[in-house]
Amino acid sequence: MNPEETQAFEEKIYAFIGRENGPPKKGHDAVNEPMIRHWAEIMGDESPVYTDSEAAINSSKGGIIAPPSMLQTWSMEGYSMAGDFVQDVQRGLHNVFDEHGYTGVLGTNTTTEFFRDLKPGDEVTAHTVIDSISEQKATARGIGYFIETVTTFTDQDGEDVGRQVFRVLKFVPADGDASASSESTDDESPAAPTRIASPRGHDNGWWWNAIDEGKMLIQRCKNCQTLRHPPRPMCGECQSIEWDSIESSMEGEVFSFTTLHYPKIPGYDYPLCCAVISLNEGTRIVSNIVGIDHEDVTIGMKVKGNIEQVDEKTMLPQFYPAQAGE
Amino acid sequence: MNANIKDKAAIVGVANTEFSKNSGRSELQLAAEAVAAALDDAGLKPSDVDGITTFTMDTSDEIEVARAVGIGDLNFYSRVPHGGGAATGLIHQAVMAVATGMAETVVCYRSLNGRSGHRFSGGVSGDITTSDAIHWGWYMPYGLLTPASWVAMFTQRYMHLTNCTKDSLFEVAYTMRQHAASNPAALFYQKPFDRAEYNAQKKIVDPFQLYDCCLESDGASAVVITSTERAKDLKQPGVVIKAVAQCAAADMEVMTSFYRDEIAAIPSMDIAAQTAYSQCGLTADDIDAAIIYDAFSPIVLWQLESWGFCKHGEAHDFVMDGALRLDGRLPTNTHGGQLSEAYIHGVNGIVEATRLVRGTSVNQPGKTINHALVTAGVGVPTGGALLGTMDTL
Ligand SMILES: [Zn+2]
């Protein structure tokens, strides 16, 4: 776009600032115990204040409350959303971006404030406003704009019960590939959550690229041959910046480990065993221990690794107990 | 009072990398190259350096640069904010540190791919690949995402090598809660727990259950510091800072220093403790009470060892003797700590340590408190301070 086109485009998008996303959205159901129970069960949250009315009455809450993180769910569209995509104001804004090549979309962060606990019987209504659109920014994803929407949640008395700020980046995919967009078409079903990927920069990208190709490498100083992991740009022994790498045998032993139970982050399976592994080559690496009950993992246990596709997007080293006699 | 820094420090080495529109390498590598070249210019070895300072805006972490160059234990590290206004601020930091003996040799740096990478003309924000983000990338894909999980990794190793058990973790958490239970300001005022209740809490990460983990809370704490001379004329009895030290030990990562020969220890706090003691000539025997950073129960044990209250690996026996209780050898976290009073990032601990020395803690121990210790969080570069009464001058 030339400067005039950019100006015209920006006039169009900035005209959306302050607009309500649509009429206030009232939840289909009042806050209710069955939905609270389903949520608590799925999230693995065993706090009695959500499900055990007797314990809840005796707690400081004085009765069953909804988990605060359910706030947004009470006013959600429901299953109908999967069929006809709602043509709200925000969608219209995204369309303007898409038409100008800003097809990429990335949810960058969300912050939520909770003003009071919700109790069964409360009726929640969501009021969403396009709050702000940034100036043009150069990001690692490409040139783009940050859009902030603010949703205020009110109860049956019109009192505010919570507030959520949601920030997305609409950008021109840096490689010019429009298919990098994950939300530019209207018929996608939500993808299963995947593990959080490492950013890839000068000093580590080569290592992760090799993992994608099924190889686990260890960086080696070309001058003094010292191995180092995690990779870094200079040898701490001789200050050489010349390096190459060797391929790891992926054999070693557990130096320490811990099993994670809570909180449960989407994209990961729990209980989740993480370990620091001493590789036979002499360096250490953090990875997961799989193929064994986490209760049976011990420090000193011999392990052998594979590089595996652990979800739709992620290739990762995973370590198993070494077979006896191997 | 004038800062006595005249003639105390000098610039002894300088270097630039080349200037270009596209360096073809990371900001971290540029920083490492410039630092190594400046040391070469000065005729110094990386191991001669014990201090480092940069801009808050720099994307290359001080400890990452230190590790890359092979610099060892750091006693001084700082950042100066406000963009270009920081330039001579780096000299200011280094001179202060050297003149006061906080560091012997301080290296200052600033590194940026200001053209090929993040351009200031493009505005602030976006997805920047810093050395810090890359650091977390070694752990995020595996799910090692929370402070509890990072600390647990050290704890499991520590429990494997020593006789530390859930009994000593319980003793720490229980004692803090007892103190909070009689502190009206604490979030857990009048809410003590017993072993059965402790055992019944949900698992967080092995070996931690809920009560091994600190609170999350709103609040603020503040501390006013002035000269000792001036303090003599003020309303409250002065609390003298006898020593203060900080350290990022060699081969440090933020929360994930898993690559040292042994990880069942916190060398950063070991070194900070030794430094603080040597500043003032006090020893562990002189310390009457302590505020020990307690984000998680076991980190109290390690710090007791760092500060010499017991030998390395023997904190279990020390605490099981009731040492942390109000009538014990070292009444600790008399406010209830961050496990049970509130989590204000340790500054509430400085407030309580001051009150202990004044003799005004809500849980003031029966014995006289001449000297108290207060520490900072561990797993990260850390430190501690020794406080004393005016009578100790
Ligand atoms: Zn080398």
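Caption draft 1: Structural context of the sheet that holds strand E9 (residues 243-247) of chain A. Residue and element names in this part refer to chain A. Spatially, E8-E7-E9 is the arrangement adopted by the three strands of the open sheet, whose pairing is antiparallel. Looking at strand neighbours, the two that pair on one side only are strand E8 (227-228) and E9, the edges of this open sheet. Pairing between strand E7 (residues 217-221) and E8: two bridges, direction antiparallel. Bridge assignment links Arg220 to a residue of E8, and that residue is Leu227. Relative to the sheet, helix H6 (residues 205-212) contacts E7 and E9, its axis offset from that of E7 by approximately 145°.

Caption draft 2: Fine view of the interface of chain B and chain A. In this complex, chain B contributes 51 residues to the contact, which on the side of chain A involves 58 residues. Taking both sides of the interface into account, the surface hidden between chain B and chain A amounts to around 4,500 Å²; carbon and sulfur atoms contribute 63%. Remark: the boundary between chain B and chain A carries zero salt bridges. The interface formed by chain B and chain A contains 17 residue pairs in polar contact (both at pLDDT 80 or more). Elements with a minimum of two residues in the side of chain B that touches chain A: helix H1 (27-42), helix H2 (62-69), helix H4 (131-137), helix H5 (147-161) and strand E4 (203-205) of chain B. For the side of chain B that touches chain A, a count of residues per class yields 23 nonpolar, 15 polar and 13 charged.

Caption draft 3: Quick peek at the confidence of the model for chain B. Overall, the prediction assigns chain B a mean pLDDT of 89, with 94% of residues at 70 or greater. Two numbers describe this predicted complex: its pTM, 0.69, and its ipTM, 0.85.

Caption draft 4: Quick peek at the nonpolar core. Counting residues in hydrophobic clusters, the biggest one holds 104 residues, and the most contacted among them are Trp207 and Ile289 of chain A together with Phe258, Leu304 and Phe309 of chain B. Per-element tally for this core: the top contributor is H5 of chain B, with eight residues. Residues from two domains meet in this core; each of domain 2 (200-247) and domain 3 (250-326) of chain A gives at least three. When near neighbours in sequence (up to four residues on either side) are disregarded, Phe258 of chain B contacts Val276, Arg284 and Val286 of chain A together with Tyr139, Leu144, Trp150, Met153, Phe154 and Ile263 of chain B. One finds Leu28, Val69, Ile71 and Val107 of chain B within the second-largest nonpolar core, a separate group that totals 20 residues.

Caption draft 5: The arrangement of the coordination of the zinc ion in detail. All names here are of chain A. Looking at the zinc ion, the protein donor atoms are Cys221 (SG), Cys224 (SG), Cys235 (SG) and Cys238 (SG), and they sit 2.3 Å from it. Taken together, the four donor atoms coordinating the zinc ion and their angles of 100 to 117° define a geometry best described as tetrahedral. The buried category is assigned to Cys221, whose relative accessible area is 0%.

Caption draft 6: Inspection of the pattern of salt bridges at higher detail. All names here are of chain A. For the structure on display, the rule yields 23 salt bridges over all chains. The closest approach of N and O atoms between Asp117 and Lys61, which form a salt bridge, is 3.0 Å. With Asp117 in the loop between strand E2 (104-114) and strand E3 (125-133) and Lys61 in the loop between helix H4 (53-58) and helix H5 (89-99), this residue pair connects regions lying 56 residues apart in the sequence. Looking at Asp117, the relative accessible area reads 28%, which means it is partly exposed. Judged by its relative accessible area of 33%, Lys61 falls in the partly exposed class. Through salt bridges with shared partners, a single network forms among Arg116, Asp122 and Asp155.

Caption draft 7: Representation of the packing of aromatic side chains in the model. All told, the structure shown has 23 aromatic pairs over all chains when counted by the stated rule. When the centroid spacing of 4.9 Å and the interplanar angle of 80° are considered together, the rings of Trp207 of chain A and Trp138 of chain B count as edge-to-face. Here the residue Trp207 of chain A occupies a position in helix H6, and Trp138 of chain B occupies one in the loop between H4 and H5, the pair thus bridging two chains. The exposure class assigned to Trp207 of chain A is buried, which follows from its relative accessible area of 1%. Accessibility expressed as a relative area gives 5% for Trp138 of chain B, which makes it buried. Here the aromatic rings of Trp208 of chain A and Trp138 of chain B are separated by 5.6 Å at their centres, their planes lie at 20°, and the arrangement is stacked. Taken together, the positions of Trp208 of chain A in helix H6 and Trp138 of chain B in the loop between H4 and H5 put the pair across two chains. For the residue pair Trp208 of chain A and Trp138 of chain B, the accessibility class agrees, reading buried in each case. Every member of this aromatic cluster is reached through a ring pair, and the members are Phe170, Tyr174, Phe193, Tyr198 and Tyr211 of chain B.

The rules behind each value
Residues numbered from 1 in each chain as written. Chains lettered and ligands numbered in written order. Predicted model: local features only at pLDDT ≥ 70, side-chain atom pairs only at ≥ 80, totals over all residues. Heavy atoms only, no water. Pairing = 2+ DSSP bridges. Helix = DSSP H or I, 4+ residues; strand = E, 2+ residues; numbered from the N terminus. Contact = heavy atoms within 4.5 Å. Axes fitted to C-alpha atoms, helices over the stretch in contact; angles between N-to-C directions. Buried area = accessible area lost by both parts, 1.4 Å probe. Salt bridge = Lys/Arg side-chain N within 4 Å of Asp/Glu carboxyl O. Polar contact = N/O pair within 3.5 Å; in protein donor to acceptor, adjacent residues only side chain to side chain. Nonpolar A, V, L, I, M, F, W, Y, C, P; charged D, E, K, R; others polar. pLDDT = per-residue confidence, 0-100. Core = buried A, V, L, I, M, F, W, Y, C linked by side-chain atoms within 4.5 Å. Buried < 20%, exposed > 50% of the residue type's maximum accessible area, 1.4 Å probe, protein only. Domains from an automatic or database assignment. Donors = N, O, S within 2.8 Å, 3.2 Å for Na, K, Ca; no water. Tetrahedral: all angles 85-135°; square planar, octahedral: opposite > 155°, others 65-115°. Phe/Tyr/Trp six-rings, centres within 6.5 Å; stacked < 30°, edge-to-face > 60°.

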